[in-house]
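Letter by letter, the chains look like this.
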Amino acid sequence: MPSHTPTPADTDAHLVEHRVSTEQVYQGNFLDIRRDTVRLPDGRHATREWVLHPGAVMIVPLLDDGRVVIERQFRYPMGRVMIEFPAGKLDPGEPAMACAIRELVEETGYTATEWARAGILHNAIAYSNEGIEVWFARGLTAGARRLDEGEFLEVGAATTDELLEQSRRGDLTDAKTLTGLLWLQNWQSGRWELDWHRVP
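These numbers were taken from a predicted model, which means no experiment stands behind them.

Draft legend 1. Focus on the overall build of the protein. On a plain count of helices and strands, the protein comes out with 4 helices and 11 strands. Projected onto its principal axes, the C-alpha coordinates of the protein cover approximately 55 × 45 × 40 Å. Split by element, the accessible area of the protein, about 12100 Å² in all, is 52% carbon and sulfur. Mean positive and mean negative side-chain charge positions of the protein (21 and 31 charges, respectively) differ by 2 Å.

Draft legend 2. Broad picture of the nonpolar core. Ranked by internal contacts, the top residues of the largest apolar core, which has 23 residues, are Val60, Val68, Phe136 and Leu163. For this core, the secondary-structure elements that each account for two or more residues are β4 (56-61), β5 (68-75), β8 (111-121), β9 (132-141) and α4 (175-189). Excluding anything up to four places from it in sequence, phenylalanine 136 contacts Val60, Leu62, Glu114, Trp115, Ala116, Ala118, Gly180, Trp183, Leu184, Trp187, Leu194 and Trp196. Residues Val57, Leu63, Ala96 and Trp115 belong to the second largest nonpolar core, which totals 15 residues.

Draft legend 3. Region of the structure containing the sheet that holds strand β6 (residues 80-84). Spatial ordering of the open sheet is given by β6-β5-β10, a layout of 3 strands whose pairing is antiparallel. Both edges of this open sheet fall to β6 and β10 (154-158), since each of them pairs with a single strand only. When the angles between neighbouring strand axes are averaged without regard to direction, this sheet yields 30 degrees. Note: β5 against β6, 5 bridges, orientation antiparallel. From the neighbouring strand, arginine 72 faces β6, where its bridge partner is isoleucine 83.

Draft legend 4. Seen up close, the sheet that holds strand β2 (residues 32-39). Taken together, 3 strands build an open sheet; the order of strands is β1-β2-β3 and the sheet is antiparallel. The sheet is open, and its two borders are formed by β1 (18-27) and β3 (45-52), each paired with just one other strand. With direction set aside, neighbouring strand axes in the sheet form an average angle of 20 degrees. Across 8 bridges, β1 lies against β2 in antiparallel orientation. Bridge assignment links glutamine 27 to a residue of β2, and that residue is aspartate 32.

Cut-offs applied
By convention here, each chain's residues receive numbers from 1 onward along its written sequence. Local features in this predicted model are restricted to residues whose pLDDT is 70 or higher, and side-chain atom pairs enter the listing and the counts only when it is 80 or higher, whereas totals over whole chains, interfaces and linings include all residues. Heavy atoms throughout the structure, all of them, feed into the side-chain values; hydrogens and water do not. For the purposes of this entry, the term helix denotes a DSSP run of H or I that reaches at least four residues, the term strand denotes a run of E that reaches at least two, and both are numbered from the N terminus. The Shrake-Rupley method, run with a 1.4 Å probe sphere, supplies the accessible areas, and residue values consider only the shown protein chains as cover. Charged residues are defined here as Lys and Arg on the positive side and Asp and Glu on the negative side; His and the ends of the chain fall outside this count. Every charge is mapped to an atom, namely NZ of Lys, CZ of Arg, CG of Asp or CD of Glu. Residues grouped as a nonpolar core are buried Ala, Val, Leu, Ile, Met, Phe, Trp, Tyr and Cys residues, joined through side-chain atoms within 4.5 Å. Partly exposed describes any residue whose relative accessible area lies between the buried limit of under 20% and the exposed limit of over 50%, with all areas from a 1.4 Å probe on protein chains only and scaled to the type maximum. We call two residues contacting when some pair of their heavy atoms lies within 4.5 Å. Pairing between strands requires that DSSP locate at least two bridges from one strand to the other. The convention used is that axes are lines fitted to C-alpha atoms, helices contributing only their stretch in contact, and that angles between N-to-C directions extend from 0 to 180 degrees.

Shown next, in the form of structure tokens:
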């Protein structure tokens, strides 16, 4: 019998891989690609190729009429226009909430009076450490967008049911947006709570 209650570290120790060495394969303006040698739980060695990511935020912006703000943007790796909630990566040292406020106004022109952090999602766990913080915003006021140079996107609005139907049809396949939709459904139904804070 153990003398203490097992912690996740105790119970997962037999699954953990330990880094033996690391190599930076590529460093671009955005991506930092690594190739590591790891020691497996059985003692053998293996190679892990992965992307080191600075982190990002996604915003679920709630309009007063019950709809949410969405974007349509061409994503080059997919070769198609994708339906998404507003999102963007963290600048070095930038707090997540500050990033969410900045990205919302830059991409959509909206500012919000109330914000709530829902949680975090890891959308590519097999090859990246990227974590995307999910934020909700309400009390929206429309304004001018400040898109980055070379950024082109359309801003629109949709109901939860419309987004669910787009998901069912396969038109909405973006992982972060699907996670935001899950949070939205559960919050609207009262199953999940959000802790709202006013922002001047």
